[in-house]
Amino acid sequence: MALVLDSSWLNKHLREYYMKLPQHGKVQVTYIWIDSTGEGLRNKTRTLDIEPKSIEDIPEWNFDGFSTCQTEIANRDLYLVPVRMFRDPFTLDRNKLVLCEVLQHNGKPAESNLRWSCKEAMDAARESQPWFGMEQEYSLLGIDKHPYGWPPNGFPGPQGPYSYAVGSDKIFGRDIVESHYKACLYAGVRICGTNAEVMPSQWEFQVGPCEGIDMGDELWMARFLLHRVCEDFGVIATLDPKPVPGNWNGAGCHINVSTEAMRGEGGLQHIEKAIEKLGRRHAHHIRCYDPHGGLDNQRRLTGHHETSSIHNFSVGVANRGASIRIPFLVAQEGRGYFEDRRPAANCDPYAVTCAMVRTCLLDAPDEEEEIEKKQVEKKD
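It should be emphasised that the depicted structure is a prediction, and the values quoted were computed from it without experimental measurement.

(A) Expanded view of the overall build of the protein chain. Counting its regular elements, the protein chain contains 11 helices and 13 strands. Relative to a compact globule of 380 residues, whose C-alpha radius of gyration would be 21 Å, the protein chain shows 22 Å and is just as compact. Along the first, second and third principal axes, the C-alpha atoms of the protein chain reach 60 × 55 × 45 Å. Burial status across the protein chain gives 51% buried among its 380 residues. Taking the contacts inside the protein chain whose residues are at least 6 apart along the sequence as the reference set, 66% of them involve residues at least 24 apart. As presented, the protein chain carries roughly 18500 Å² of accessible surface, and 52% of it is formed by carbon and sulfur atoms.

Have a look at this one:
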């Protein structure tokens, strides 16, 4: 039996008594932000006198950045700037969850705040109407970091029976998955599906389509909700790209991309042009597709287990072993979208969508041009 968090055994019916107590018009607002790792999320809650109707009604706040390893001991205050508001599925209406950007004391974005530059890119590419959908894979672990539902001193049967499966001998943690799905819908996150994945105890949910900066906002909130739901069940949701070494699938965060031109008549030629640009900047995108500059993806992008090799860029129609997959129906209809299968499960969606837009729509320089430019800057 998997080890679960002790607090998950607390009396939840007793908790419900307190959840139903009146708030006398007051509203709880939980501020959520990305920490210095580029992967972790932090949060704290305050009381407002009236229910906020828009993001403009929520005041900025601050926190001790030194305690979250986001500042040095001097200038410890960091500022939380609300950017997106969602309904709170844990304390219910009228309470809110608020996603925030983190700014330094001088008003500049904190190092982990990649939303800032992503927003600039999305604003510049607004006329192209970039749409994104991201497929977030994750794995469930006990608090001992052993995959949830796996034999305590061994391994389950080999992969094959678990993907999209049903049955107690194949599926582990469906209660968590369904609770997370409902929480996303209640909050207003554009979750559009979920399924069991290839490795037992591995799952996926999809968010989108979202336009521009909304993709990063919605996926980060969906991740927060996942971790928060897992607290109640006493397990861990890991976004590690290769949580179990060996002959087991890793976890990615595939991104589906389209623009107005790609979705229109003759869109396939625009898809092919974008893919050609991506091929010329493969190394750059690999650096952007996990929070450690590609080191995490080295464990995952091996050319095996439905992945491409991290060292090569490849394209294929309906090929899930390629860097870029063009769906069969897209190739057949001549328009639609493409899927980049390289992003790791723990990627920052702001970094991924920003790189995608700068490469495909804003004509960022090729790898060779970037190297030459840096060499010239060094000489100057």
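Back to the text.
(B) View of the nonpolar core. The biggest cluster of nonpolar side chains holds 70 residues, and the ones touching the most others in it are Tyr138, Val189, Met221, Leu225, Phe338 and Met356. Sorting elements by how many residues they give to this core places helix 4 (residues 214–233) first, with 10 residues. Excluding its chain neighbours within four sequence positions, the residues that come into contact with Met221 are Ile32, Phe86, Leu97, Val98, Leu99 and Val189. If you look at the next biggest cluster of nonpolar residues, it comprises 14 residues, including Val27, Tyr31, Phe63 and Val102.

(C) Broad picture of helix 10 (residues 349–360). With 12 residues, helix 10 extends 16 Å from end C-alpha to end C-alpha; this agrees with the ideal 16 Å at 1.5 Å per step. With 11 of 12 residues buried, helix 10 lies mostly within the body of the structure. Considered for burial, the residues of helix 10 that qualify are Pro349, Tyr350, Ala351, Val352, Thr353, Cys354, Ala355, Met356, Val357, Thr359 and Cys360. Taking the backbone nitrogen of Tyr350 as reference, a side-chain oxygen 2.8 Å away marks Asp348 as the first, capping residue of helix 10.

(D) Local environment of the environment of Ser8. One can find Ser8 in the segment before helix 1 (12–19). Note on Ser8: relative accessible area 14%, which makes it buried. Expressed as a C-alpha distance, the spacing of Ser8 and Cys230, which sit 222 residues apart in the sequence, is 9.2 Å. Polar side-chain contacts of Ser8 include one of 2.6 Å to the backbone oxygen of Leu5.

(E) Region of the structure containing the environment of Met19. With respect to the element layout, Met19 can be found in helix 1. Taking the C-alpha atoms as reference points, Met19 and Thr91, separated by 72 residues in sequence, lie 6.5 Å from one another. Not counting the four nearest positions on each side in its chain, Met19 is found in contact with Phe90 and Thr91.

(F) Structural context of the packing of helix 2 (residues 115–124) against helix 10. At a closest axis distance of 9 Å, the pairing of helix 2 and helix 10 adopts a crossing angle of 30°. Classified by the angle their axes make, helix 2 and helix 10 are roughly parallel. As for how helix 2 packs across helix 10, the hand of that crossing is left-handed. Facing Arg115, Ser117, Cys118, Glu120, Ala121 and Met122 of helix 2, the residues of helix 10 in contact are Tyr350, Thr353, Cys354, Val357 and Arg358. Here the contact of helix 2 with helix 10 is built from residues that sort into six nonpolar, two polar and three charged.

(G) How the structure looks around helix 3 (residues 174–187). With 14 residues, helix 3 extends 20 Å from end C-alpha to end C-alpha; this agrees with the ideal 20 Å at 1.5 Å per step. Those residues of helix 3 not exposed but buried are Ile176, Val177, His180, Ala183, Cys184 and Ala187. Taken down its axis, helix 3 places every buried residue within 130° of arc, on the same side. Exposed and oriented more than 90 degrees from the buried face of helix 3 are Asp175 and Lys182. At its buried positions, helix 3 is contacted by strand 4 (77–87), strand 6 (131–141), strand 7 (191–196), strand 8 (202–211) and helix 4.

(H) Representation of the packing of aromatic side chains. As enumerated under the stated definition, the model contains seven aromatic pairs in all. Between the NZ or CZ atom of Arg87 and the centre of the ring of Tyr186, over which it lies, the distance is 3.9 Å. A cation over a ring is seen here: Arg223 above Trp220, with NZ or CZ 4.8 Å from the ring centre.

(I) A look at the pairing of strand 3 (residues 61–64). Burial of strand 3 is one-sided: the residues Trp61 and Phe63 facing one way are buried, the residues Asn62 and Asp64 facing the other way are not. Pairing of strand 3 with strand 4, which is carried by four bridges, proceeds in the antiparallel orientation. Directly across from Trp61, in strand 4, lies its bridge partner Leu80.

The rules we used
- Residues numbered from 1 in each chain as written.
- Predicted model: local features only at pLDDT ≥ 70, side-chain atom pairs only at ≥ 80, totals over all residues.
- Heavy atoms only, no water.
- Helix = DSSP H or I, 4+ residues; strand = E, 2+ residues; numbered from the N terminus.
- Rg over C-alpha atoms; globule rule 2.2 N^0.38 Å.
- Buried < 20%, exposed > 50% of the residue type's maximum accessible area, 1.4 Å probe, protein only.
- Contact = heavy atoms within 4.5 Å.
- Areas by Shrake-Rupley, 256 points an atom, 1.4 Å probe, with all protein chains shown as cover.
- Core = buried A, V, L, I, M, F, W, Y, C linked by side-chain atoms within 4.5 Å.
- Expected span 1.5 Å × (residues − 1).
- Polar contact = N/O pair within 3.5 Å; in protein donor to acceptor, adjacent residues only side chain to side chain.
- Axes fitted to C-alpha atoms, helices over the stretch in contact; angles between N-to-C directions.
- Parallel < 35°, antiparallel > 145°, perpendicular 65-115°, else oblique.
- Left-handed = near helix turned anticlockwise from the far one by under 90°.
- Nonpolar A, V, L, I, M, F, W, Y, C, P; charged D, E, K, R; others polar.
- Arc of directions from axis to C-beta.
- Phe/Tyr/Trp six-rings, centres within 6.5 Å; stacked < 30°, edge-to-face > 60°.
- Lys NZ or Arg CZ within 6 Å of the ring centre and 35° of its normal.
- Pairing = 2+ DSSP bridges.

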